[in-house]
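# Examining the three-dimensional arrangement
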Amino acid sequence: EKKRHMGDTKHFCPVSLKENFVLYPGLSEHAAKYQEKIYYFSTSENRDKFLENPEEYVAHKEPIQAPPLRVCLLGTHGAGKTTCARWVADKMGLFHIQFEEYLQEIMIRKTKKKVGPDFDEEPEEDDSKIAALSQELGDFSLTMTGTKIEPERESEKKREQEIELTEEEEAIKANLVENEALPPEVLDNIVLDWWTKEPFRSTGFILDGFPRTIDEALYLSERGLCPDVAVYIQVEESDIIDRLLPSRMKKWRETHDKKMETKKKLKDLKAKIRV
């Protein structure tokens, strides 16, 4: 086969590189020839754009600058993605973006706390009982002494009820709590900046924990956001259990102790009311 003389961007689309600073693989069916060199394009529209003004997309005095490294690091929960990502980011001078933590930061600005199964408190049924009994005891105290006892957590609950989330924040909360898919318009407000805006655009990043689903991978493809490397960390189940079980057991003990303390409070309040 006759040797082909490739253009400055080799098999990557020169239009995607110039306009979006992304190495997007070109296709042979969208190829074009300019100054005896072959260029491949990601779409026929990009090929037509190139042919209208090729000098805008080819190298002149200096070679075309390649974009910085963009890495997607994938793996199951407990595989060690964040530990590895921090190490790689430090060694290579990249930004480390932990996707789920980034979503939590968005929520913390509004809710002042993290949301999701790992952060939700136990159902507030016992707390409601304590509040009701406190109210009953407070009303009784007001009748007898003129001094009212404020129910516990009342002011805190009022503050929580006053929090109004935007549609984007509601979608993020649903993703963190119920694992519902994030709509493309929400991802546009989060993910696009890492490829197109500074300081990420010229520095590069390692994206920890994204994409997590087929739909999220398709989203990257449809937007032309191609990572240079995708790494999947595979770990034995026994290793993951050894890593995660101790912390889960500690949380269970703390929850159990809190529940027992709540039961004691209920018992004490009932005893006061009977007296």
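What you see is a predicted model, and the numbers here were worked out from it, not measured in a lab. (Residues numbered from 1 in each chain as written. Predicted model: local features only at pLDDT ≥ 70, side-chain atom pairs only at ≥ 80, totals over all residues. Heavy atoms only, no water.)

### Brief notes about the packing of aromatic side chains
Taken as a whole and judged by the stated rule, the model has nine aromatic pairs. Relative to F50, the ring of F41 has its centre 4.9 Å away and its plane inclined at 50°; by these criteria the two rings are tilted. When the ring of F99 is compared with that of F210, the centres are 4.5 Å apart and the planes differ by 40°; the resulting orientation is tilted. Taken together, the residues F99 in helix α4 (residues 99–111) and F210 in the loop between β5 (205–208) and α11 (214–222) connect sequence positions 111 residues apart. (Phe/Tyr/Trp six-rings, centres within 6.5 Å; stacked < 30°, edge-to-face > 60°. Helix = DSSP H or I, 4+ residues; strand = E, 2+ residues; numbered from the N terminus.)

### Let's talk about the sheet that holds strand β4 (residues 95–98)
Taken in spatial order, the four strands make up an open sheet running β4-β5-β3-β6, and their pairing is parallel. The open sheet is flanked by β4 and β6 (229–233), the only strands paired with a single partner. For this sheet, the mean angle separating the axes of adjacent strands, direction not counted, is 20°. Where strand β3 (residues 70–75) lies against β5, four bridges are found, and the strand directions are parallel. Across the sheet, the residue bridging to L73 is D208, located in β5. Across the sheet, α4 touches β4 and β5, and the angle it forms with β4 is around 70°. (Pairing = 2+ DSSP bridges. Axes fitted to C-alpha atoms, helices over the stretch in contact; angles between N-to-C directions. Contact = heavy atoms within 4.5 Å.)

### What to know about the side chain of D208
Summarising the element assignment, D208 is placed in strand β5. In this structure D208 is buried but unpaired, with K81 as the nearest side chain of opposite charge at 4.8 Å. Side-chain polar atoms of D208 contact the side chain of T82, separated by 2.7 Å. Reaching out from D208, the side chain makes a polar contact with the side chain of H96 at a distance of 3.2 Å. Setting aside chain neighbours within four positions, we find D208 in contact with L73, K81, T82, A85, H96, I97, Q98 and F99. (Buried < 20%, exposed > 50% of the residue type's maximum accessible area, 1.4 Å probe, protein only. Lys, Arg positive; Asp, Glu negative; His and termini not counted. Salt bridge = Lys/Arg side-chain N within 4 Å of Asp/Glu carboxyl O. Polar contact = N/O pair within 3.5 Å; in protein donor to acceptor, adjacent residues only side chain to side chain.)

Shape descriptors only; they carry no functional weight alone.
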